[in-house]
Amino acid sequence: MGKIKQYIAGLSAAFGAFCLGASIGWSGPMEKPITDGDAYSFSASSDEWGWVTSMMTLGAACMCIPIGILIQLFGRKLVMLVLVVPYLIGWACIIWAANVYMLYIGRFVIGACGGAFCVTAPMYSTEIAEIAIRGIMGCFFQLWIVHGILYGFGVGALASPFVVNMLCGILPIVFFVWFIWMPESPVYLLQKGKSEKAEKSMKWLRGQDADISADMKAMTDEAKKEKPKVKEGMTRRGSIIGLLISIALMFFQQFTGINAIIFYATSIFDKAGTGLSPEWCTVILGIVQVFATIIAIALIERIGRRILLMTSAALMCLTTLIMGIYFQWLKDSDVGWLPVLAICFFIVGFSVGFGPVPWLMLAELSAEDVKPLCGAIAGTCNWLFAFCVTKCFPLCIDNFGAAATFWIFAVISFLAVVFIILLVPETKGKTLNEIQELMGG
């Protein structure tokens, strides 16, 4: 029963990722009705639509560092619950937008909330999980994101723009109603000297009859350690190496092209001339991503992080290479199925490794005393990388062509394989202290 309650708590915290995923998936099917003027009383130009999509990632980048401070001051649970208010305000701006600037504001605000969840939810999940299931729970965030993307693609293919906006806008309320019943992180409670509340939280998570003495002692000892100043903590060799590896993984996660493909999936399939409805091609994409992420969760504690990352990068390299070949030489041939198949396998590659693992390893590679700051820095970098990719992708398509753009993604994916082989440590089955010792911390 203890593991089930940990799963429930982890899934509820990570449901914020479902809200984020729906916001990401929203962009694909909503591009045409908004640029054609069918969704609102105004239309958006191609450049304006580029800003609508990328403002979400910019908002997320701006929130990652402040949220690292807030969760240390007020706790993981309270901060995540309060985020529901701006989330709803952001969706209200989108639902009742009177001009494109309201769309900018709405997308920026929901992006800021999504970026906050990217830091807070994985941290909460790893802090409440016992070692045996930490890897699985660390993947819950990515699991909910891909379900949210599928949700956005699905309602976008079936409903009118106003209904799509409403169905996405109510999701933060669902999160609030579910997560309000969950306990605060026992790690945070011990850091604040609230040992009785921490023990109550642990009993809820592990079960009333579970022996939590060893876990409580380890967390209490860690909390009672004389904490170095943040500057001292960040100058340790383990902290520096962990942060640099995390930032590099975030770079490869974004610059291998995932958000460019997800945000512009409908228009990519339209340009490819697959012969299928672009909207339903994106739904197929979302379904593939969900199943691939479930497979990754099943494998992550059996195979390990490094193998999943290497497999992921290699498959993304191969599929983006094929996409470039298609757009360069095969577009006029009768192989409209090829780009659909290639992108589906790209999604599989991303989902089994570079989707969930960088966020999990961010939590694992950071020592407790610098984890909030490291998470905030790496999260900010991730969203700034995502902003660059989503804003520049249509410009690269227009200036260099689709083939060259996908080949750039292929080269970066190959470099990711080399980086993993040479520099990324295996964290499977190790305690957080053992990981720090491995990196010389």
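Residues numbered from 1 in each chain as written. Predicted model: local features only at pLDDT ≥ 70, side-chain atom pairs only at ≥ 80, totals over all residues. Heavy atoms only, no water.

Together, Leu 88, Ile 170, Ile 173, Phe 176, Val 177, Ile 180 and Trp 181 make up an exposed nonpolar region whose accessible area comes to about 650 Å². Among the elements that make up the nonpolar patch, the one with the highest residue count is helix α9 (residues 171–179) (3 residues). Mapped onto the elements, Trp 181 comes out in the loop between α9 and α10 (186–191). (Patch = residues over 30% accessible without salt bridge, like charges linked within 9 Å, V, L, I, M, F, W, Y side chains within 5 Å. Areas by Shrake-Rupley, 256 points an atom, 1.4 Å probe, with all protein chains shown as cover. Salt bridge = Lys/Arg side-chain N within 4 Å of Asp/Glu carboxyl O. Helix = DSSP H or I, 4+ residues; strand = E, 2+ residues; numbered from the N terminus.)

Turning next to the pattern of salt bridges. Evaluated as defined, the whole model comprises 4 salt bridges. For the salt bridge of Asp 47 with Lys 391, the shortest nitrogen-to-oxygen distance reads 3.5 Å. Taken together, the residues Asp 47 in helix α2 (residues 46–74) and Lys 391 in helix α21 (residues 371–400) connect sequence positions 344 residues apart. Residue Asp 47 is classed as partly exposed on the basis of its relative accessible area, which comes to 45%. (Buried < 20%, exposed > 50% of the residue type's maximum accessible area, 1.4 Å probe, protein only.)

Moving on, we get to the packing of helix α20 (residues 357–365) against α21. It is at 9 Å that the axes of α20 and α21 come closest, and there the two elements cross at 155°. Our classification of the angle between α20 and α21 gives roughly antiparallel. By crossing handedness, the relation of α20 to α21 is classed as right-handed. Counted together, Trp 359, Leu 362 and Ala 363 of α20 and Lys 371, Cys 374, Gly 375, Ala 378, Gly 379, Asn 382 and Trp 383 of α21 form the full contact between these two elements. Taken together, the residues of the contact of α20 with α21 sort by class into 6 nonpolar, 3 polar and 1 charged. (Axes fitted to C-alpha atoms, helices over the stretch in contact; angles between N-to-C directions. Parallel < 35°, antiparallel > 145°, perpendicular 65-115°, else oblique. Left-handed = near helix turned anticlockwise from the far one by under 90°. Contact = heavy atoms within 4.5 Å. Nonpolar A, V, L, I, M, F, W, Y, C, P; charged D, E, K, R; others polar.)

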